[in-house]
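Chain by chain, the residues run as shown.
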Amino acid sequence: RSKRAHGRLQEVVVGDEPTTPGRLNLSIELNAALSQKQFELYYQPIVAADTREVVAFEALVRWRHPTRGIVTPIAFIPTAEETGLIVPIGAWAMREAALQTAAWTRAAGKPVWVSVNISAAQLSEPGFLEHVAQVIAETGVDPTLLKLEVTEGTIIGDPELAAEILTGLRDLGIRLCMDDFGTGYSNLSYLQTLPFDFLKVDRAFVKSMIDRFESRTILRTMMALAQQLELEVVAEGVESPEQADELARLGCHFLQGFLYGKPMPADLAGALVMGTP
Ligand code: C2E
Ligand code: CA
Ligand code: CA
Ligand code: CA
């Protein structure tokens, strides 16, 4: 993020089309948005690579702005992280996702997994584990259906604290996914020593895999690594059937991307998992 973006609404998306950047005091607006319940979770389907059936969703926050329409998280998550507002926003998102997971699993009569993105500030907030335990107790969600996605960047600030919290989460039954794998330091020791269950290959590798031999080679290496460490692999940014087939052939377990659906409101997402026994 450029320094100039601080405190500004950097990019606004209405529907799919970016509109002109707004200039406003974003952190004040975010506070108001939180108390006025303007945040919403959208859900993007994740399919099993073998059956191509929807088995899970990634919860992605949206801001339903009273005049600007639906605002993308790219426009406000960085400011929310800088101001610490990501803590209450993230807490809301987790509770909301847990309620939705429990409701879908009940209504569909089969497990529906939901992943939620977690920022560094949330993970290092005192009482985070107690908060998660409370969400599980109050929503009645099966914790093994909740997946928390963390990036390497989240761990790197304080690896010891991250290890303690991640282990605590795993003890609560929560599943952990290393997000955006391959884009950061790709410090393999984290994958080995921390209790991850899933590795999510970043969109960048999927994007170039058909055209670039190198990307396919890196993907193959990541798959071998995941297999050695007994991690299941999710590929994000799958946009074409060619990518999907190649990823499945390479041994990828789950596929996520516009090919199977964009992030969508909960009612539309729910329809994808209902009524298919
Ligand atoms: P992410 O965790 O890497 O999420 C995946 C992003 O890729 C989403 O963007 C999704 O809409 C987009 N995407 C999915 N499939 C495709 C595809 O096939 N092609 C392309 N071009 N893009 C695809 P989105 O929803 O704008 O979210 C952006 C980022 O904002 C997320 O990246 C995540 O880092 C952050 N974010 C979203 N919701 C939350 C949240 O509740 N908490 C936190 N801490 N961060 C969040
Ligand atoms: Ca993610
Ligand atoms: Ca990503
Ligand atoms: Ca990410």
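All values reported here derive from a predicted model rather than from experimental measurement. (Residues numbered from 1 in each chain as written. Chains lettered and ligands numbered in written order. Predicted model: local features only at pLDDT ≥ 70, side-chain atom pairs only at ≥ 80, totals over all residues. Heavy atoms only, no water.)

Asks: Can you lay out the coordination of the calcium ion (ligand 4) for me, pointing to particular residues and giving the numbers?
Replies: The protein atoms donating to the calcium ion (ligand 4) are Asp179 (OD), Asp180 (OD) and Asp180 (OD), with metal-donor distances spanning 2.7 to 3.2 Å. One can describe the site at the calcium ion (ligand 4) as irregular: its 6 donor atoms subtend angles covering 43 to 156 degrees at the metal. The two metals, the calcium ion (ligand 4) and the calcium ion (ligand 2), are separated by 4.1 Å and share Asp179 as a common coordinating residue. Taking relative accessible area as the criterion, Asp179 reaches 7% and is therefore assigned buried. According to the relative accessible area criterion, Asp180 is partly exposed, its value standing at 27%. (Donors = N, O, S within 2.8 Å, 3.2 Å for Na, K, Ca; no water. Tetrahedral: all angles 85-135°; square planar, octahedral: opposite > 155°, others 65-115°. Buried < 20%, exposed > 50% of the residue type's maximum accessible area, 1.4 Å probe, protein only.)

Asks: Help me get a handle on the packing of helix α3 (residues 86-108) against helix α5 (residues 128-139), residues and values and all.
Replies: The geometry of a pair of packed helices is captured by two quantities: the angle between their axes and the separation between those axes. With their axes 10 Å apart at the nearest point, α3 and α5 run at an angle of 30 degrees to one another. Relative to α5, the element α3 is oriented roughly parallel. Considering only the axes of α3 and α5, their crossing is right-handed. Contacts between α3 and α5 involve Ala91, Met94, Arg95, Ala98, Leu99 and Ala102 from the first element and Phe128, His131, Val132, Val135, Glu138 and Thr139 from the second. Here the residues of the contact of α3 with α5 are counted per class, giving 8 nonpolar, 2 polar and 2 charged. (Axes fitted to C-alpha atoms, helices over the stretch in contact; angles between N-to-C directions. Helix = DSSP H or I, 4+ residues; strand = E, 2+ residues; numbered from the N terminus. Parallel < 35°, antiparallel > 145°, perpendicular 65-115°, else oblique. Left-handed = near helix turned anticlockwise from the far one by under 90°. Contact = heavy atoms within 4.5 Å. Nonpolar A, V, L, I, M, F, W, Y, C, P; charged D, E, K, R; others polar.)

Asks: For the nonpolar core, give the residues involved together with the corresponding values.
Replies: If you look at soluble globular proteins, the nonpolar side chains tend to sit buried side by side. Core analysis: the biggest nonpolar cluster contains 77 residues, and Leu169, Phe196 and Leu255 have the highest contact counts within it. Sort the elements by how many residues they give to this core and α3 lands first, with 10 residues. Among residues more than four places away in sequence, those in contact with Leu169 are Leu123, Phe128, Leu129, Val132, Leu148, Ile174 and Leu176. If you look at the next biggest cluster of nonpolar residues, it comprises 6 residues, including Cys177, Phe198, Val234 and Phe254. (Core = buried A, V, L, I, M, F, W, Y, C linked by side-chain atoms within 4.5 Å.)

Asks: Explain the coordination of the calcium ion (ligand 2) residue by residue, including any values.
Replies: For the calcium ion (ligand 2), the full set of protein donor atoms is Glu58 (OE), Asn117 (OD1), Glu149 (OE) and Asp179 (OD), at a range of 2.2 to 2.4 Å. Along the chain, the residues donating to the calcium ion (ligand 2) are arranged with the sequence spacing E-x58-N-x31-E-x29-D. Between the two metal centres, the calcium ion (ligand 2) and the calcium ion (ligand 3), the spacing is 5.7 Å. Of this pair, Asn117 sits in strand β6 (residues 113-117) while Glu149 sits in strand β7 (residues 146-151), placing them 32 residues apart in sequence. Relative accessible area serves as the criterion here: at 30%, Asn117 is assigned to the partly exposed category.

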